[in-house]
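Structural overview for review
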Amino acid sequence: MKIIDRLNEDGIHISFEVFPPKTDEGFDKVIGAVDEIATLNPAFISVTYGAGGGTSKNTARIASHIKDDLNVLSLAHLTCASSTKEEVRKVIGNLKELGIDNILALRGDIPPGMDFPDTDRFRFAYELVEEIRKHGDFCIGAACYPEGHVENEHKSDDIRYLKQKVDSGVDFLTTQMFFDNDIHYNFLYRIREAGITVPVLPGIMPITSASQMKKSQELSGTVFPRRFLAILDRFGSSPAAMRQAGIAYATDQIIDLLANGVRNIHIYSMNKPDIAAAIMKNLSEIIKA
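Heads up: these notes are all about the structure in this document. Just so it is clear, the model here is predicted, and its values are computed rather than measured. Sequence positions are assigned chain by chain, starting from 1 and proceeding in written order. At least 70 in pLDDT is required for a residue's local features to be given in this predicted model, at least 80 for side-chain atom pairs to be given and counted, and no such filter applies to totals for whole chains, interfaces and linings, which use all residues. Each side-chain value is derived from all of the structure's non-hydrogen atoms; neither hydrogens nor water enter the calculation.

Runs of E in the DSSP output that reach at least two residues are strands. Runs of H or I that reach at least four are helices, and both are numbered from the N terminus. Each helix and strand in the protein was counted, giving 11 helices and 8 strands. Its C-alpha radius of gyration of 18 Å places the protein within 12% of the 19 Å reference for a compact globule of 289 residues. Exposure categories follow from relative accessible area, calculated using a 1.4 Å probe and restricted to protein chains: below 20% of the type maximum is buried, above 50% is exposed, and the middle band is partly exposed. Across the 289 residues of the protein, 52% fall into the buried class. Residue contacts follow a heavy-atom distance rule, with two residues in contact if any of their heavy atoms lie within 4.5 Å. Counting only contacts in the protein whose residues sit at least 6 apart along the sequence, the fraction spanning at least 24 positions is 78%. With an accessible surface of roughly 13700 Å², the protein has 49% of that area assigned to carbon and sulfur atoms. Note on charges: Lys and Arg go in the positive column, Asp and Glu in the negative column, and His and the chain ends are not counted at all. Each charge is placed at NZ for Lys, CZ for Arg, CG for Asp and CD for Glu. Separation between the mean location of the 32 positive side-chain charges and that of the 39 negative ones in the protein comes to 2 Å. The quantity called the radius of gyration is restricted to C-alpha atoms. Its globule counterpart is 2.2 Å times the number of residues to the power 0.38. For the accessible areas, the method is Shrake-Rupley and the probe is 1.4 Å, while residue cover comes only from the protein chains on display.

In structure tokens, the structure reads:
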């Protein structure tokens, strides 16, 4: 089944993201976390891409396990900046052989020291989308950035590039994490005005430690509202309290999104089934309403 078909169904759809192990030795631990998250009845589970070939094969293995053994829709991430065009085509072929119908197409981070772009690599995500379309009837997702992509100076350029990407064959979008829902609502207004009509899944990241917040800010450049900073200031030194506060904050974001008509939500679970389960417990009656 394709994810776009699931997203177009009636009801609320909450999905989760997991990431493959950095080494093969950690594979079983990740599978254990995935198995627990699958018990939460997610709309789908996405698997990030281990770039550079070393652990990228585990993305397909985990996505296949989710689909075949757990009977849950899976979404395999695929990035192109760190791989040659031929390597990308091999990954697409492997996903096709495994019967994985859903791919999240990403440019990905440029590896340190790499001379990018070059003629043997896809430069932009839209080029990857076009390539995936050539190889089968995949459902293709892509990323979007409510606060603007860090490489684009103007938000108008950001939306123009996003429109180009969607027009290349994207079925749905997933946002980068954000912590102020008004940013998301404003973003939706602007992209709809630009003619981007595909479903957009807000990406929610439960921040449960001060170190996690610092890393998230370094990676994404996201803005933390004063309300969240006050929570961090008050509870950041207590791991148990910060965990509970982070779960509550993410839950509150999701409740607000649902109350404002959003039906599809993606949670960056960070391979933590206990965090995912706590959020779903908080939403147990809300998602039935």
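The next thing to look at is the packing of helix H7 (residues 181-193) against helix H10 (residues 239-259). One can describe the packing of H7 onto H10 by two numbers: an axis separation of 10 Å at closest approach and a directional angle of 35 degrees. The two elements H7 and H10 cross, and the hand of that crossing is right-handed. Contact with H7, carried on its side by Asn181, His184 and Tyr185, involves Gln253, Asp256 and Leu257 of H10 and no other residues of that element. Amino acids outside the nonpolar list (Ala, Val, Leu, Ile, Met, Phe, Trp, Tyr, Cys, Pro) and the charged list (Asp, Glu, Lys, Arg) are all regarded as polar, and Gly is one of them. Per-class residue counts for the contact of H7 with H10 are 2 nonpolar, 3 polar and 1 charged. Note on method: axes are straight lines fitted to C-alpha atoms, helices fitted across the in-contact stretch only, with angles between N-to-C directions ranging 0 to 180 degrees. A crossing counts as left-handed when the near helix is turned anticlockwise from the far one by less than a right angle, and as right-handed when that turn is clockwise.

On to unusual backbone geometry. Working note: non-glycine residues mostly have negative phi, and peptide bonds are mostly trans. One non-glycine residue with positive phi stands out, namely Asn41, at about 60 degrees. As for its position among the elements, Asn41 is in the loop between helix H2 (27-38) and strand E2 (45-47). Look at Asn71: it is not a glycine, yet its phi comes out positive at around 55 degrees. Relative to the elements of secondary structure, Asn71 occurs in the loop between helix H3 (57-68) and strand E3 (74-79). The exposure class of Asn71 is exposed, given its relative accessible area of 68%.

Keep in mind that these numbers describe shape and distance, not what the molecule does.
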